[in-house]
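# Fold and geometry: a report
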Amino acid sequence: MTACPTGIAHTYMAAEKLAQAARSLGHEIKVETQGSIGAENLLSDNDVRDADAIIIAADKDVDRSRFVGKRVLAVGVAEGIRHPEQLMERVRNAPVYGRAEGDGAGTGSGAAPRPGGSGGGRERSVAYKALMNGVSYMIPFVVVGGLLIAISLALGGHPQADGGLVIPDGSFWKHINDIGVIGFTLMVPVLSGYIAYAIGDRPALVPGMIGGWIANTGSLYDSKAGAGFIGAIVTGFLAGYLVLWIKKVEVPKFARPIMPIIVIPIVATTALGLFFIYVIGRPISWVFTHLTGWLGGMTGSSAILLGALLGLMIAFDMGGPVNKTAFLFGAGLIASGNQTVMGMCAAAIPVMPLGQGLATLVRRRLYSEQERETGMAALFMGLFGISEGAIPFAAARPAQVIPANMLGGAVAGALAGTIGVTDAVPHGGPIVAVLGAVGGVPAFFLAVVAGSVVTALTTVTLVDVAERRKGREPAGARVEPVVAGGGVGGGAGGGGGAGVAARTAGAADFVPAAVGGPGRAAGGADADAVGSESSVGAEGNFGADGNFGADGNDVSNDGACDDESPAPEVLSGYLTGQTVKTQLVADEKEAAIREMAELVAATGKVADVDELVRVALAREAQGTTGLGEEIAIPHAKTDAVSAPVVGFARSADGIDWGSLDGTRARLVFLIAVPEAAAGDEHLRILALLSRKLMDADFRARLQGAEDGAGVLRVLGEIQ
């Protein structure tokens, strides 16, 4: 089984390489692909039953439950591409999965690697994948809970004399609000539970979730505030690794069946719960108490300093003990007639979700589609003072987002304190100003806007720096949130993989490896007619009618294609003679992408070349599209193009593309599709290209084609 984080090119390259290796060694083979657009050629139960070994070349978590009792070799996906023959030999001596653990199920990252069972290839750390797994499951709870609360307040809330907003008990909107609160309440346990699940498999799910609930329930350890999402991250990792440790304990054979469903969950849950209550919870309670006292001693100090400090605290953990300390401190002073402190808090409260939502709009290329959607929800939540809308961003990128949040919160709090903003109700965000609870409304909005802008700009700067560093790594493909335990039937959001089942010649051994792959989806826009007339530029562009000239003139008699022998349709017509170039002028990546963007712009399908280049380079910053074997496939989904289009060009000297195998890219494809057609179409094109380009003979013929017509004939073999 091979799987890459995005389930696109490397998925099918690994599948093709494993298939080629098996055939060369005389094995019978079956390849299962589980890519980003679905699963194909699934291994049946009979395939798995007849197999005696599994190859897992994965950079993400994959479901191993159906391989219990089989020999399992786990490596990085790059190994499936670069050393498939060696994997075929090494898998014969791999350890049997599940023999010593007795858990009967599991995901890839949860099981500790055993000698001979893993190695080679670049792979994301278990901790990183576990964190992203928790975040991916938490996001729906944040979005659903936050939006339901915001909608119920907007449509069912009744303004009060003091400017507050109250939903009448027993009303329809009160019930909607209660449902939203449940979603928010479950958010923290879900984050903790699925972090634990990605580390320790199913037995870790219960202790992780219960541990997260305990972390978020301060009353269990005498604290007025729970530990929030930071506490959930701590309990998630503690639960996951505790379960892994318990699994290593040798138990009698008769007890193994009950270990994963009874013994491990009970022992881990009890131990983790008591540890948090008696060991971790006490310091949290102490911090809460002493922070409150410390803030009380600062009420007579500089308003700028106090506002900045409260803003820092509000923004730090968004619902955790530090946030709650500042909030309750401000709320408690309202009754004594001091509304200024709550005004500082009210200005800082919406800054985090508004700033993070704004960041996804300012630099869309830095964020995945799911993150951009979460950003829109965060903006809406921010308007209603729901700071938890920023938690998914903080949990996914704590090193970049939390400092940015704190800086923006400090700016908002300091400005509100300086100008003397007041708030008569224990709530924050623009909603309280609209309802009349805020004194100094213009200054309040100035503070909120300034803090949000600072947060957004700081976030995109820090994230951009981090992504650029990541993009310089040869295998720096960015990991999307990982669904632990995701099986072979992964849908559109699944990771990639390919699976093979091979029978050794002359023997009864059946060796499967699972790799994943996509389903099919029909393309988006009408293709260019291959026979349409096209002139040719001086840089060697090949016209759609098959005629080619070096000086821009139509040279009909010299072309290999004519009206009687039209050029073949390539990639559903998205690649035509108009988008083929036999020789790139550029000698570095960015210039090559721009040159190819200008090439495909000749079709009339590109409205903004600069935007197409920007999006393609943003994809490169997330991880190189240099696939090795002297191939690069930069791609972009953007509304800068009106219909799918594919360009191809060759480079005689090659271009440094940061490829997995260190080779320079000599065969370069550019794929551009509009946002509306981006779901499956560019993935389908990538899958077709990735498979065919693993054929060394095909690459040699493509490299050796004499002219544009020859290039099109070779590319016409892609089906």
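Residues numbered from 1 in each chain as written. Predicted model: local features only at pLDDT ≥ 70, side-chain atom pairs only at ≥ 80, totals over all residues. Heavy atoms only, no water.

Tallying secondary structure elements over the protein chain gives 23 helices and 17 strands in all. Here the protein chain displays about 26700 Å² of accessible surface, and carbon together with sulfur accounts for 58% of that area. (Helix = DSSP H or I, 4+ residues; strand = E, 2+ residues; numbered from the N terminus. Areas by Shrake-Rupley, 256 points an atom, 1.4 Å probe, with all protein chains shown as cover.)

For the structure shown, the criterion picks out eight aromatic pairs. Ring geometry for Tyr-194 against Tyr-197: centres 5.7 Å apart, planes inclined by 75 degrees, an arrangement best described as edge-to-face. Pair noted here: Tyr-194 and Tyr-197 are both in helix α6 (residues 172-200), with a separation of three residues, about one helical turn. Consider the rings of Phe-648 and Phe-669, whose centres lie 4.7 Å apart with planes at 40 degrees: the pair is tilted. Taken together, the residues Phe-648 in strand β16 (residues 645-655) and Phe-669 in strand β17 (residues 665-673) connect sequence positions 21 residues apart. Looking at Phe-648, the relative accessible area reads 0%, which means it is buried. For Phe-669, a relative accessible area of 0% gives the class buried. An aromatic cluster of at least three residues, connected via ring pairs, comprises Tyr-137, Tyr-194 and Tyr-197. (Phe/Tyr/Trp six-rings, centres within 6.5 Å; stacked < 30°, edge-to-face > 60°. Buried < 20%, exposed > 50% of the residue type's maximum accessible area, 1.4 Å probe, protein only.)

What follows is about the nonpolar core. Judged by nonpolar contacts, the single largest core of 82 residues is most densely connected at Leu-191, Phe-229, Leu-310, Ile-314 and Phe-444. Per-element accounting of this core gives the leading share, eleven residues, to helix α5 (residues 126-156). Beyond its immediate stretch of four places on either side in the chain, Phe-229 contacts Val-188, Leu-191, Asp-317, Met-318, Ile-391, Ala-394, Ala-395 and Ile-402. Formed by 29 residues, the second largest nonpolar core is a distinct cluster that contains Leu-575, Ile-633, Leu-688 and Ala-705. (Core = buried A, V, L, I, M, F, W, Y, C linked by side-chain atoms within 4.5 Å. Contact = heavy atoms within 4.5 Å.)

Before going further, it helps to spend a moment on the environment of Arg-71. With respect to the helices and strands, Arg-71 occurs in strand β5 (residues 71-75). Residue contacts for Arg-71: discarding those within four places in its chain leaves Asp-52, Ala-53, Ile-54, Val-91, Arg-92, Asn-93, Ala-94, Pro-95 and Val-96. Here Ala-94 takes part through its backbone oxygen, which lies 2.7 Å from a polar atom of the side chain of Arg-71. (Polar contact = N/O pair within 3.5 Å; in protein donor to acceptor, adjacent residues only side chain to side chain.)

This brings us to the pairing of β16. Burial analysis of β16 places nine of its eleven residues in the buried class, which makes it a mostly covered element. Pairing between strand β12 (residues 580-581) and β16: two bridges, direction parallel. Looking across to β16, one finds that Lys-581 is bridged to Ala-649. (Pairing = 2+ DSSP bridges.)

Direction vectors running N to C along helix α13 (residues 351-362) and helix α14 (residues 369-383) enclose 145 degrees, while the axes themselves pass 7 Å from each other. Pair α13 / α14 crosses with left-handed handedness. Facing Pro-353, Leu-354, Gly-357, Leu-358, Thr-360 and Leu-361 of α13, the residues of α14 in contact are Glu-371, Arg-372, Gly-375, Met-376, Ala-378, Leu-379, Gly-382 and Leu-383. For the contact of α13 with α14, the per-class residue count stands at eight nonpolar, four polar and two charged. (Axes fitted to C-alpha atoms, helices over the stretch in contact; angles between N-to-C directions. Left-handed = near helix turned anticlockwise from the far one by under 90°. Nonpolar A, V, L, I, M, F, W, Y, C, P; charged D, E, K, R; others polar.)

The grouping of Ile-230, Val-234, Leu-238, Leu-274, Phe-275, Tyr-278 and Val-279 at the surface amounts to a nonpolar patch, some 580 Å² of accessible area in total. Among the secondary structure elements, those contributing two or more residues to the nonpolar patch are α8 (228-247) and α9 (259-296). Within the secondary structure layout, Ile-230 lies in helix α8. (Patch = residues over 30% accessible without salt bridge, like charges linked within 9 Å, V, L, I, M, F, W, Y side chains within 5 Å. Salt bridge = Lys/Arg side-chain N within 4 Å of Asp/Glu carboxyl O.)

All right, on to the confidence of the model for the protein chain then. Summary statistics for the protein chain give a mean pLDDT of 75 and a share of 74% for residues scoring 70 or more. Mean pLDDT across the elements of the protein chain bottoms out in strand β11 (residues 510-515) (36) and peaks in helix α19 (residues 589-601) (94). In this model, residues 100-123 is a region of pLDDT below 50 whose contacts with residues beyond four sequence positions or in other chains number 80 contacts. For the stretch residues 472-565, pLDDT sits under 50, and the model shows 327 contacts to residues farther than four places along the chain or on other chains. (pLDDT = per-residue confidence, 0-100.)

Attention shifts here to unusual backbone geometry. Despite not being glycine, Asp-201 has its phi angle at roughly 70 degrees, a positive value. Position of Asp-201 among the secondary structure elements: in the loop between α6 and α7 (205-216). For Glu-630, which is not glycine, the phi dihedral falls at a positive 65 degrees. Examined against the element boundaries, Glu-630 turns out to sit in the loop between β13 (626-628) and β14 (631-632). We classify Glu-630 as partly exposed; its relative accessible area is 31%.

Turning our eyes to something else, we now look at the environment of His-290. Among the structural elements, His-290 can be located in helix α9. Of the residues examined, His-290 reaches a relative accessible area of 43% and is grouped as partly exposed. For the pair formed by His-290 and Thr-325, sequence separation is 35 residues and the distance between their alpha carbons is 9.5 Å.

Quick look at a negative patch on the surface now. Judged by side-chain charge, Asp-587, Glu-588, Glu-590 and Asp-653 come together as a negatively charged surface patch. With respect to the element layout, Glu-588 can be found in the loop between β12 and α19. Glu-588 sits in the partly exposed class, given a relative accessible area of 38%. (Lys, Arg positive; Asp, Glu negative; His and termini not counted. Charge placed at Lys NZ, Arg CZ, Asp CG, Glu CD.)

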